[in-house]
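Now for the letters of each chain:
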Amino acid sequence: MSLPPVILVNEKDEPVGTMEKLEAHQKGLLHRAFSVFVINDKGEMLLQQRAADKYHSGGLWTNTCCSHQLPGEDTPAAAHRRLAEEMGFDCPLEEIFSFSYRAEFDNGLTENEFDHVLLGTYNGPVRPDAAEVQAHKFLSLDQIREELIAHPGIYTHWFHIAFPKIAAFIEARGNG
């Protein structure tokens, strides 16, 4: 089974080529990605537990959804596509910031991503794809902070980096 290609980028997020997703993770090459964070009107964040059989970070809790832009696809279009595919809904999204991170996993794969972070608000039903998402829940920002301290190992690497930044943005805006 061939996985779709990812967009290889330099440290300025400028495209330098494409590569099949698994190969990019095996070689640890920097590639473009995105992470969607969704809150409801109560300021609670929608988290997902990744399906246990994901190729890395299976069974860990993380933001609402995340994935990779396809060649020729801009970040907003990719984020809307994957939000609908993974979580069964779509909502308006705003790109807030981006960051780069590198994480090596026990299975020999390496995440080396230039990650675009988007934020949306949604209050309707959530219908996740069971092949992607094992469970989901809404938690307050303070509950998430408490869980990150009490149980850091149940969250993805990138969530630990992005959550404090997105939480600060939400609280500064008055939605937390």
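The structure presented is a predicted model; accordingly, all values stated were derived computationally and were not measured.

Calculation rules
- Note that residues are indexed from 1 along each chain, following the sequence as it is written.
- In view of the model being predicted, local features appear only for residues whose pLDDT reaches at least 70, and side-chain atom pairs are presented and counted only at 80 or more, with totals across whole chains, interfaces and linings using the full set of residues.
- Think of the side-chain values as coming from all heavy atoms in the structure, minus any hydrogens and water.
- Salt-bridge detection follows one rule: a side-chain nitrogen of Lys or Arg within 4 Å of a carboxyl oxygen of Asp or Glu.
- Each helix is a run of H or I in the DSSP string that is no shorter than four residues. Each strand is a run of E no shorter than two, and both are numbered from the N terminus.
- Throughout, exposure labels follow a simple rule: accessible area from a 1.4 Å probe, protein chains only, divided by the maximum for the residue type, with under 20% read as buried, over 50% as exposed, and the rest as partly exposed.
- Any two strands are treated as partners once DSSP identifies two or more bridges connecting them.
- Multiplying 1.5 Å by the helix residue count minus one yields the expected span of that helix.
- The arc refers to the directions leading from the helix axis to the C-beta atoms.
- Between two residues, a contact is recorded if the distance between any of their heavy atoms is within 4.5 Å.
- Counted as a polar contact is a pair of N or O atoms within 3.5 Å, where, for protein atoms, one must be capable of donating a hydrogen and the other of accepting one, and residues adjacent in sequence contribute only when both atoms are in side chains.
- We call a set of buried residues a nonpolar core when its members are Ala, Val, Leu, Ile, Met, Phe, Trp, Tyr or Cys and they connect through side-chain atoms within 4.5 Å of each other.
- Only a pair of cysteine sulfur atoms within 2.5 Å qualifies as a disulfide here.
- For Phe, Tyr and Trp, where Trp contributes only its six-membered ring, two rings pair if their centres lie within 6.5 Å, and the inter-plane angle classes them as stacked under 30 degrees, edge-to-face over 60, or tilted in between.
- Counting as a charge over the ring demands two things of the Lys NZ or Arg CZ atom: a distance within 6 Å of the ring centre and an angle within 35 degrees of the ring normal.

Before going further, it helps to spend a moment on the pattern of salt bridges. Using the criterion set out here, one finds 13 salt bridges in the structure. The partner of E171 in a salt bridge is R145, with the nearest N and O atoms 2.8 Å apart. Of this pair, E171 sits in helix α4 (residues 157–173) while R145 sits in helix α3 (residues 141–150), placing them 26 residues apart in sequence. Using a relative accessible area of 37% as the deciding quantity, one classes E171 as partly exposed. Residue R145 is classed as partly exposed on the basis of its relative accessible area, which comes to 29%.

Remark: a regular strand shows side chains that alternate across the two faces of the sheet. When strand β7 (residues 93–104) meets strand β8 (residues 110–121), the two strands line up antiparallel, connected through 11 bridges. Bridge pairing in β8 places A103 opposite E111.

What follows deals with helix α2 (residues 75–87). Compared with the 18 Å implied by 1.5 Å per residue over 13 residues, the 17 Å span of α2 between its first and last C-alpha is a close match. Residues T75, A78, A79, R82, L83, E86 and M87 constitute the buried set of α2. Each buried residue of α2 lies within a common arc of 130 degrees when the element is viewed along its axis, so the set occupies one face. Looking at the buried side of α2, the elements it contacts are β3 (31–39), β4 (45–50), β6 (65–67), β7, β8 and β9 (133–139). Regarding α2, its N-cap is D74, as a side-chain oxygen of that residue lies 2.9 Å from the backbone nitrogen of A77 further along. One or two steps after α2, the chain reaches G88, where phi turns positive at roughly 75 degrees.

Okay, the side chain of R32 next. Here R32 is to be found in strand β3. Judged by relative accessible area, which is 13%, R32 ranks as buried. From its side chain, R32 meets the backbone oxygen of D13 in a polar contact 2.7 Å long. Non-local contacts of R32, meaning those with residues more than four positions away in its chain, are made with I7, V9, D13, P15, H68, Q69, F114 and H116.

On to the nonpolar core. Counting 26 residues, the largest nonpolar core has F37, M45, L47, I144, F159, F163 and I166 as its most contacted members. C65, A78, M87 and V126 belong to the second-largest nonpolar core, a separate cluster that totals 16 residues.

Extensive coverage of strand β1 (residues 5–9) is indicated by the burial of four of its five residues. The turn linking β1 back onto strand β2 (residues 15–20) is made up of five residues, and D13 within it adopts a positive phi angle of 65 degrees.

Attention shifts here to the state of the cysteines. For the coordinates displayed, the defined rule picks out zero disulfides. Note on C65: no disulfide assigned, nearest cysteine sulfur contributed by C66 at a separation of 6.7 Å.

Our focus in this paragraph is the packing of aromatic side chains. Following the criterion strictly, the structure yields seven aromatic pairs and no others. Within the aromatic cluster, the residues linked to one another by ring pairs are F37, Y155, F159 and F163. If you follow K137 out to its NZ or CZ, it ends over the ring of W61, 4.2 Å from the centre.

Treat this as a map of the structure, not an account of what it does.
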